[in-house]
Amino acid sequence: MRLPDLLAFAGRSLSGTRTRTVMMLLAMSIGVASVVVLTALGEGARRYVVGEFASLGTHLLIMLPGRTETTGGAPPLFGETPRDLTLDDALALLRERSIRRIAPLTVGNAPVSFGSREREVTVIGATHDFFPIRHLTIGSGQALPAIDPQRGATVAVIGSGLRRELFGSQQVLGQWVRINDRRFRVIGVIGEGGESLGQNLDDMIVIPVASAQSLFDSPSLFRILIEARSKDDIARAKQAAREIIRQRHDGEDDVTIITQDALLSTFDKILRALTYTVGGIAAISLAVAGILIMNVMLVAVSQRVAEIGLMKALGASRGQVLRIFLVEAVMLAASGALTGLLIAAAGIGVLRHLFPAFPLSAPLWAPLAAVAVAVGAGLLFGVLPARRAARLDPVQALTGR
Amino acid sequence: MIVLDRIERDFTVGDETVHALDQVSLEFSVGDYVSVMGPSGSGKSTLLNVLGLLDRPSGGSYRLQGTETTTLSEEGRAALRRAHIGFVFQAFHLIPRLTAADNIALPMVLAGVAPKERTQRVAEVLASLDLADRAHHRPDQLSGGQRQRVAIARAVVMRPTLLLADEPTGNLDQHAGSEVIALIEQLNAGGITLIVVTHDQAIGRRARRRIRMVDGRIDSDDTDEAA
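Predicted, not measured: the structure shown is a model, and the values here were computed from it.

Caption draft 1: Representation of the overall build of chain A. Per the secondary structure count, chain A includes 12 helices and 12 strands. Taken along the three principal axes of its C-alpha coordinates, chain A extends 105 × 55 × 35 Å. With 401 residues in all, chain A has 46% of them scored as buried. Long-range pairs, those at least 24 residues apart, make up 80% of the contacts in chain A between residues at least 6 apart in sequence. Roughly 19000 Å² of accessible area belongs to chain A as shown, and the carbon and sulfur atoms make up 59% of that amount. Side chains of chain A give 41 positive and 33 negative charges; the mean places of these two sets differ by 15 Å.

Caption draft 2: Looking closely at the packing of helix H8 (residues 260-303) of chain A against helix H10 (residues 318-354) of chain A. All names here are of chain A. At a minimum axis distance of 11 Å, the contact between H8 and H10 shows a crossing angle of 140 degrees. It follows that H8 is oblique to H10 by the angle criterion. Every pair of crossing elements has a handedness; the one defined by H8 and H10 is right-handed. Touching Ile293, Val296, Met297 and Val301 of H8 are Phe325, Glu328, Ala329, Leu332 and Ala333, all from H10.

Caption draft 3: Spatial organisation of the sheet that holds strand S8 (residues 193-197) of chain B. Residue and element names in this part refer to chain B. Here 6 strands make up an open sheet; going across it, the order is S6-S7-S8-S3-S9-S10 and the pairing mixed. Taken across any chain shown, the strands that pair with only one partner, and hence form the sheet edges, are strand S6 (85-88) and strand S10 (217-223). The mean angle between the axes of side-by-side strands here comes to 15 degrees, regardless of whether they run parallel or antiparallel. Packing against the sheet, helix H6 (residues 174-189) makes contact with strand S3 (33-37), strand S7 (162-166) and S8, and its axis sits at approximately 150 degrees to S8.

Calculation criteria
Residues numbered from 1 in each chain as written. Chains lettered and ligands numbered in written order. Predicted model: local features only at pLDDT ≥ 70, side-chain atom pairs only at ≥ 80, totals over all residues. Heavy atoms only, no water. Helix = DSSP H or I, 4+ residues; strand = E, 2+ residues; numbered from the N terminus. Buried < 20%, exposed > 50% of the residue type's maximum accessible area, 1.4 Å probe, protein only. Contact = heavy atoms within 4.5 Å. Areas by Shrake-Rupley, 256 points an atom, 1.4 Å probe, with all protein chains shown as cover. Lys, Arg positive; Asp, Glu negative; His and termini not counted. Charge placed at Lys NZ, Arg CZ, Asp CG, Glu CD. Axes fitted to C-alpha atoms, helices over the stretch in contact; angles between N-to-C directions. Parallel < 35°, antiparallel > 145°, perpendicular 65-115°, else oblique. Left-handed = near helix turned anticlockwise from the far one by under 90°. Pairing = 2+ DSSP bridges.

Written out as structure tokens, the structure is:
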């Protein structure tokens, strides 16, 4: 039997029992669609979280003064240590090749005023590189200038929330604001949504790190953001940074370095496992659909006993009868799977429309695996009915005995 | 062409063994026209099934065109059946979802004949059986006589050497029945070996060779000298 004839014959017998075929397609397509949509949701959640982390910066190391001990207690985020991190420490890190750029930070609270309005806000002392490292966008104006970090400058970049509160609808670029008793000229506004993991940058003001140090009269840094050259360089950068600081601090290993990628990859793993789990649960419905296929095919065989006898009388071999019924089962499964993919695509489209911010998309393996499992189930569960058909005795089949 | 030598076929019914065929020895030549008659349960249908390689004898030897068939595998017998034997059944056994033309083409589809050749041969057979205008009708749109003619067309489309008919007129009225008999006799005149199993004395008498079976044995075997 030629393959096109085999397919045409199977297709014709499926379309002959329309209701049964449509029901079967429905069962299979729901199974496939749920696998694809659920894995798309899981994958979307993973991408969303990873995206949130990535907006903090990529290949990022965060160096804090003080050493976390395993004896417990709160992490020394604001810890006082005998030896501070200084701007010189930060600049020394740039000697290491695996470190691409750094951003030394000082943080403090101070009143910021313009005209008669005054707000108590967080003042961040940073450098030009702070903006690219934290993936901050500039809404208008410019970022801090790329000047020598040791030198101060009376310029500031403000968050959009602060801009609204201090300036209202007035022109802001080029205006002078007062922080404590010093005057700074506003040269830029941070873009909207400058938020990463709860730290809202809308209500902050960023000034050059040296100016902040003199403003707060403290030479110590709050932390140093370190960006490694690549993912592979992170471990090297971490070790090298620790070594550089240790040498500068008289052999004392008194800094804590957090790698964001370690955190990120943990989340990534957890959410990936979640996606697989959800997909696997949905795949159970495919197995159920496979059993339905077996049922449908068993009914088909018993309804078509005379036809099978006839085909044998016409010279069909056992193998041919087996193939005919297997092809029918697989065709049923495959068309159900394809219908399921269409349903899934439509469903994902609708969800995307409803939740545009959520990065919803099925990973490539999901539809492939769903279709493979569906067709595999059709084949597996089609074997029993097909064998039963192939084994029918033609004499009994023809006489209906 | 066909040599049956002490063929036996036993069935077990409950704890009894029934000898449906008991030491049957027969020979047929190419172009023979044979009727097999006898009461119900005499073994005539079993004989036909054995001749058609649908049933396997329990003992004895059956040679078809020089091939010993009793030792063949299922696949081997299927191939032989496909090449040499055409069946006509009492119940027609047309596939209801296929048109007349597709039913006729079915043996060629199973044999893997190219579509172009199939169309041509179906057209030829339809024309010779006067069914050309029924080609695209489904079985339920045909009369009984037309259905049996489609079934005969399907039986001969592979150009078999042996045509086996089991009560071919059993489901037909007088008129349609005689048309069908005329048709298969015409095919026999064209050289095909024809074996008809029937209850109908009138039809049985038409054959040149008449075999009567009782209890699985050949009761009588008459051949017209005129033939």
